[in-house]
Every structure is written in structure tokens, then in C-alpha cells.
2 protein chains.
Amino acid sequence: MDYSMMAPEKVRKLIREGDITGPTAGMSNGFAQANLVILPEKLAYDFLLFCQRNPRSCPLLEVGNRGDKTLPFLGKDIDITRDIPRYCVYEKGNLVETRQDISDLWKEDFVSFLIGCSFSFETALLDAGVPIRHIEEKCNVPMYKTNIPCAEAGVFKGNMVVSMRPLKMPDLIKATRITGEMPRVHGAPIHFGDPLAIGIEEIEQPDFGDKVTIKDGEIPVFWPCGVTPQNVVMKVKPEMVITHAPGHMLVTDIKNSALKY
Amino acid sequence: MDYSMMAPEKVRKLIREGDITGPTAGMSNGFAQANLVILPEKLAYDFLLFCQRNPRSCPLLEVGNRGDKTLPFLGKDIDITRDIPRYCVYEKGNLVETRQDISDLWKEDFVSFLIGCSFSFETALLDAGVPIRHIEEKCNVPMYKTNIPCAEAGVFKGNMVVSMRPLKMPDLIKATRITGEMPRVHGAPIHFGDPLAIGIEEIEQPDFGDKVTIKDGEIPVFWPCGVTPQNVVMKVKPEMVITHAPGHMLVTDIKNSALKY
């Protein structure tokens, strides 16, 4: 079944009914997908401030009202507890289970944070003829912990996590220009070239995701990554945090083209 | 005395020492100036969320830590209680006094919100040869209440306030392009032409600021305005709110050119 041309609302309906349970990559072409972090209200201010201070790694697309499962800015009739194909439930920083529906875990003091995702800029890169290695190799994008400090906010602090895509020089320049126009989905690269300059000792061993081939003449190009906020939240070991499972995103009604500055 | 070429840090020192007490327009050319709203912690989450949901009218440049008078992102050694030439103190939504120093009013639960200001884009417009009427007529920019609803957040709701600059068509197009590249200082216009279309009944009678001349062949051009958050906050009638006095801004170390997307 090809979901690439299906409207986001229909894809979310199939997810809610349990007919789609896998990763959302390639679904509803042209529409933005979003990362999810659900936190209890008592951590919400610090996290909102963390996102405000670190817009490169944590570009907020929408923040739900306390206890509210809908997200009217991102889409029609969204129920954030049922419209993502797979969720991760963390207790005190440990993954305790993954599940397709978290409606019975929802609490009145929960707040949903939806964060922009690099799927949006990858579509723009592919449209411009820039090749994306992890898509070619049908694996997850490689992600690395860096020594680039995030701005602290309340209980939240830590370093930036980056994603890496190897590119030849002309594509690097093209990609910098294209992603630079999309600050709500991480924007321009934060670094390219020597991985050690940002504290990455072993490019062959990503901290998250999969290793990809770097061919002769290609330069590793690093973008701020939406795994940063998740990484920073887990350090605080909150009683309960719920996120999307990697690759299993919220498919929104927002067009990628609307996420340009 | 001409402060246009003086470094922001020196201007702030003269303000702190009481040697500058007037409006900051034209000081430290090329550096961003910021609007101030100080709120008690219990309103801070709702206000931060209001700004996140309404970035056109409330583009946040920095949010201070609870009880912290410094603003390290915006400038060196800032004391937000002494580095603005004039403050307005509101109690339950009523202006009770204006003063040059609020250090004795500061409380441990106060949070400072610094919001981008159209002075930054006006510099860019003047540099591009776009005339600005209220500068020519040496008065304040005219501002109007509209019927454009802001996204609500907790206790905060209300309509957008806009500023107006009359421009001829070629300058309107130039100004749209130039300000559109500066989303952190309100970005592109929100409307131009018929004032009634956004609920402005009498263009000759601004709700804030001064009336300016609209010449034959000029079109009124409307931008989201930083008075919006102040207007929305006052409706809630908080125990105490402190803002900058109109035109008496925080002069920051951030270059206007750094506020492009």
C-alpha cells in the first residue's frame, strides 16, 4: 500500500484504527511530520523555555493546552494519544514499553510538545536533486552526541545531538541554502567537515540511528537534531515521559512549504 | 549629544548612571532594541506559551531566568532593573507610576520577557531607501487595535495590535521583501490597503502613538506590533507588571543583521 499521496487526515485515521502501525516516512508527501514529547505540567515551563532558547535543535511547531489531546494548529481532529503509530513510554528515564495507543495513560496534567522534523527538509533536498544517503541505503539517519552545549533552562541542560548526511561540495552548498530557509525544521547545518571539532570521535559509530557510507570526496554535514530535547529530558529522569517511537511521527496538515521562514 | 555611534554597553552604562533618561530611538545604530514585559512566575508559563503561539506579534528575543536580572544572550552585564531609561509600573492593569530604576521593586519570582522591536526593521528599510513617515514627522508610529484574533494561551487572549506606515507601491513591495526576512522583529506586513478589512474604523485616530500623514498614492501598510502582548497582559489585571515606557527600550549587543532568519 502506497500512502505517499494520501491526505494526512486519512493517514491519521488509519493509524488510529490500527491499520498503519509502522514508520511514517514517505507518507502524505509534502506534509510536515512532527516529533512528540509529552511531559507533566510541572516540567512544562522549563521545557518550553529550553525550546525557546534552543530553536535550532528544538523548533516548536505546537504546544498543546494542559490536559488537551487536540492540536488544532497542526491538524483537524487530532487525538495525540491515538494518532501516532507507536509511542515510547519512559519512567524515570527508562523505556518501560512501546505501544500503539496511550489514551489510557493520559493524565489531566499532561502537556504535548510537537517539534519540527528533518523529514521536511529532506523532501526539499530530494526535490532539488541532493542525494540523501540513509534514504538510498534504506536505513535510519546517523545521529551523534556532540560537545556543543545547549542553553540551559531550569532543570534541563545538555549538549546538542546532530544528524549527519554525507554530501559533495556542490550539494553541501545547495543544502545549506535550502535548509537555511527552513528554520522551523532545524534550518542550516551547524557544522561540516572534521567530526572531532564538535566532539565526535568515531564517525563510524553513531550514538543513535544507523551508520551510512561516506564516499570519497564527500564531506559529513551535521544538522541540529530533534533527538536533542528527548536526550535532555531523559537526564532529569521524570516520573513519566511519553514520546513517539523513532520514525513513527505525527503526520500533520501543515505543508512543508509553509515551514519556510 | 549623538549616541548613534556609541557602543550598546556604553549607552546602557549612561542609562544606568542616569545620564540618559529619554527615548532610545537612534542610539547605537545597527544594534537591536527590545521591548520589556516583567511578570510574576505564576503568569510566566501562560505568557511564554502566548508568545510561542503568536510569534508575529510577540517574537521573543530572550526570557530571563526566574529572579535573574541578567540577560546574557542580549548583552554583557545587563541589569534589567536599571538599564532601561524609563519603566512603567502597572498594578491590576492600571499605570501607577513611571520611574528610571525598578531595582527596589524586583522580586525573586519575577521573569523578564524581551521582545523584538520594529526599530530593527526600520533601520533596514531606511538603509534600502524606504521612507518612514513617523520618522520624517518626528513623532511616534501610529498603532491600532484590530479584529485579528491572537491564538489564546491560558489566561491570555485578545486581538493583534498593528503599527502602520504609509508607502507607495514600489516601497511596499520592497518593504515586504525586507521585513519578511526579519521574523524575529515582526517580519512581513500582516495587511495593507483597506483598514476596515482588519477592523480599523478610523485611520485618522490611532489607538496608540501618533497620527501621521498619508499622502496621495500611498497605501497604509500594517505590521504586527509589540504592543500586542502588553495589551493582552493588562486585560488579566495582574497584581504587578512592569514594562519599558514607550520608546524607552533596552539597547542590546545583538546586531540587527543577526535577526534575519
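Residues numbered from 1 in each chain as written. Chains lettered and ligands numbered in written order. Predicted model: local features only at pLDDT ≥ 70, side-chain atom pairs only at ≥ 80, totals over all residues. Heavy atoms only, no water.

This paragraph deals with the overall build of chain A. A count of helices and strands for chain A gives 6 helices and 11 strands. At 18 Å, chain A has a C-alpha radius of gyration in line with the 18 Å of a compact globule built from 261 residues. Along the first, second and third principal axes, the C-alpha atoms of chain A reach 50 × 40 × 30 Å. Per-residue burial over chain A gives 55% buried out of 261 residues. The long-range fraction of contacts in chain A, counting pairs at least 24 apart against all pairs at least 6 apart in sequence, stands at 77%. Accessible surface, chain A: about 11200 Å² in total, of which carbon and sulfur atoms supply 52%. Of note, chain A has its 30 positive side-chain charges centred 2 Å away from the centre of its 34 negative side-chain charges. (Helix = DSSP H or I, 4+ residues; strand = E, 2+ residues; numbered from the N terminus. Rg over C-alpha atoms; globule rule 2.2 N^0.38 Å. Buried < 20%, exposed > 50% of the residue type's maximum accessible area, 1.4 Å probe, protein only. Contact = heavy atoms within 4.5 Å. Areas by Shrake-Rupley, 256 points an atom, 1.4 Å probe, with all protein chains shown as cover. Lys, Arg positive; Asp, Glu negative; His and termini not counted. Charge placed at Lys NZ, Arg CZ, Asp CG, Glu CD.)

A separate point is the state of the cysteines. Residue and element names in this part refer to chain A. For the coordinates displayed, the defined rule picks out 0 disulfides over all chains. Not engaged in a disulfide, the cysteine Cys 51 finds its nearest cysteine sulfur in Cys 58; these two sulfurs lie 4.5 Å apart. Its relative accessible area of 2% is what places Cys 51 among the buried residues. (Disulfide = S-S within 2.5 Å.)

So, on to the interface of chain A and chain B. One frequent convention defines the size of an interface as the accessible area lost when the parts assemble. Between chain A and chain B, the contact holds 17 residues from the first and 17 residues from the second. The junction of chain A with chain B conceals about 1300 Å² of combined surface from both sides, 57% of it contributed by carbon and sulfur atoms. Across the chain A-chain B interface, the total number found is 0 salt bridges. For the interface between chain A and chain B, the tally reads 4 residue pairs in polar contact (both at pLDDT 80 or more). A total of 6 residues in the side of chain A that touches chain B trace back to one element, the largest contributor, which is helix α2 (residues 41-53) of chain A. In terms of residue class, the side of chain A that touches chain B is made up of 10 nonpolar, 4 polar and 3 charged. (Buried area = accessible area lost by both parts, 1.4 Å probe. Salt bridge = Lys/Arg side-chain N within 4 Å of Asp/Glu carboxyl O. Polar contact = N/O pair within 3.5 Å; in protein donor to acceptor, adjacent residues only side chain to side chain. Nonpolar A, V, L, I, M, F, W, Y, C, P; charged D, E, K, R; others polar.)

Moving on, we get to the packing of helix α3 (residues 119-127) of chain B against helix α5 (residues 169-180) of chain B. All names here are of chain B. Look at α3 against α5: their axes get within 10 Å of each other, and the N-to-C directions meet at 130°. By the angle between their directions, the pair α3 and α5 is classed as oblique. Along this stretch, α3 crosses α5, giving a crossing that reads as right-handed. Residues Phe 121, Ala 124 and Leu 125 of α3 form the contact with α5, whose own contacting residues are Ala 175, Ile 178 and Thr 179. Class assignment of the residues belonging to the contact of α3 with α5 gives a composition of 5 nonpolar, 1 polar and no charged. (Axes fitted to C-alpha atoms, helices over the stretch in contact; angles between N-to-C directions. Parallel < 35°, antiparallel > 145°, perpendicular 65-115°, else oblique. Left-handed = near helix turned anticlockwise from the far one by under 90°.)

In summary, soluble globular proteins display a tendency toward joint burial of nonpolar side chains. Phe 113 of chain A together with Phe 113 of chain B are the most contacted members of the largest nonpolar core, which has 72 residues in total. Residues contacting Phe 113 of chain B, with those up to four places away along its chain left out, are Tyr 45 of chain A together with Asn 35, Leu 36, Val 37, Leu 39, Ala 44, Phe 47, Leu 48, Leu 60, Glu 62 and Val 63 of chain B. (Core = buried A, V, L, I, M, F, W, Y, C linked by side-chain atoms within 4.5 Å.)

Attention now goes to unusual backbone geometry. Residue and element names in this part refer to chain A. The backbone of Lys 92 sits at a positive phi, close to 50°, despite the residue not being glycine. Examined against the element boundaries, Lys 92 turns out to sit in the loop between β3 (87-91) and β4 (94-99). Residue class for Lys 92 comes out partly exposed when judged on its relative accessible area of 45%. Despite not being glycine, Lys 138 has its phi angle at roughly 50°, a positive value. Checked against the element boundaries, Lys 138 lands in the loop between α4 (133-136) and β6 (143-149). The exposed category is assigned to Lys 138, whose relative accessible area is 76%.

Right, let's get into the side chain of Arg 99 of chain A. Residue and element names in this part refer to chain A. Tracing the backbone shows Arg 99 in strand β4. Polar side-chain contacts of Arg 99 include one of 3.3 Å to the side chain of Glu 97. Ignoring any residue separated from it by four or fewer positions in sequence, one finds Arg 99 in contact with Pro 85, Arg 86, Tyr 87, Val 89, Asp 104 and Leu 105.

Before going further, it helps to spend a moment on the domain arrangement of chain A. Residues and elements named next belong to chain A. Partitioning chain A into domains gives domain 1 (8-118 + 230-259) and domain 2 (119-227). A separation of 22 Å is found between the C-alpha centroids of domain 1 and domain 2. Opposite the 32 residues of domain 1 that make contact, domain 2 presents 33 residues. Buried area between domain 1 and domain 2, summed over both chains or domains, comes out near 2700 Å², and the portion from carbon and sulfur atoms is 57%. Our count for the contact surface shared by domain 1 and domain 2 stands at 0 salt bridges. Applying the counting criterion to the domain 1 and domain 2 interface returns 15 residue pairs in polar contact (both at pLDDT 80 or more). Elements represented by at least two residues in the side of domain 1 that touches domain 2 include exactly β1 (31-40), α2, β2 (60-63) and α6 (227-235). (Domains from an automatic or database assignment.)

Here we take up the pairing of strand β4 (residues 94-99) of chain B. Residues and elements named next belong to chain B. Pairing geometry for strand β3 (residues 87-91) and β4, over 5 bridges, is antiparallel. Each bridged residue has a counterpart across the sheet, and for Cys 88 the counterpart in β4 is Thr 98. Here β3 folds back onto β4 in antiparallel fashion, the turn holding 2 residues, of which Lys 92 has a positive phi close to 50°. (Pairing = 2+ DSSP bridges.)

Where α2 of chain A contacts helix α2 (residues 41-53) of chain B, the two axes come as close as 10 Å, and the packing angle between them is 35°. In the packing of α2 of chain A onto α2 of chain B, the handedness of the crossing is left-handed. Across the interface between the two elements, Ala 44, Tyr 45, Leu 48, Leu 49 and Gln 52 of chain A from α2 of chain A touch Ala 44, Tyr 45, Leu 48, Leu 49 and Gln 52 of chain B from α2 of chain B. Residue composition of the contact of α2 of chain A with α2 of chain B, grouped by class: 8 nonpolar, 2 polar and no charged.

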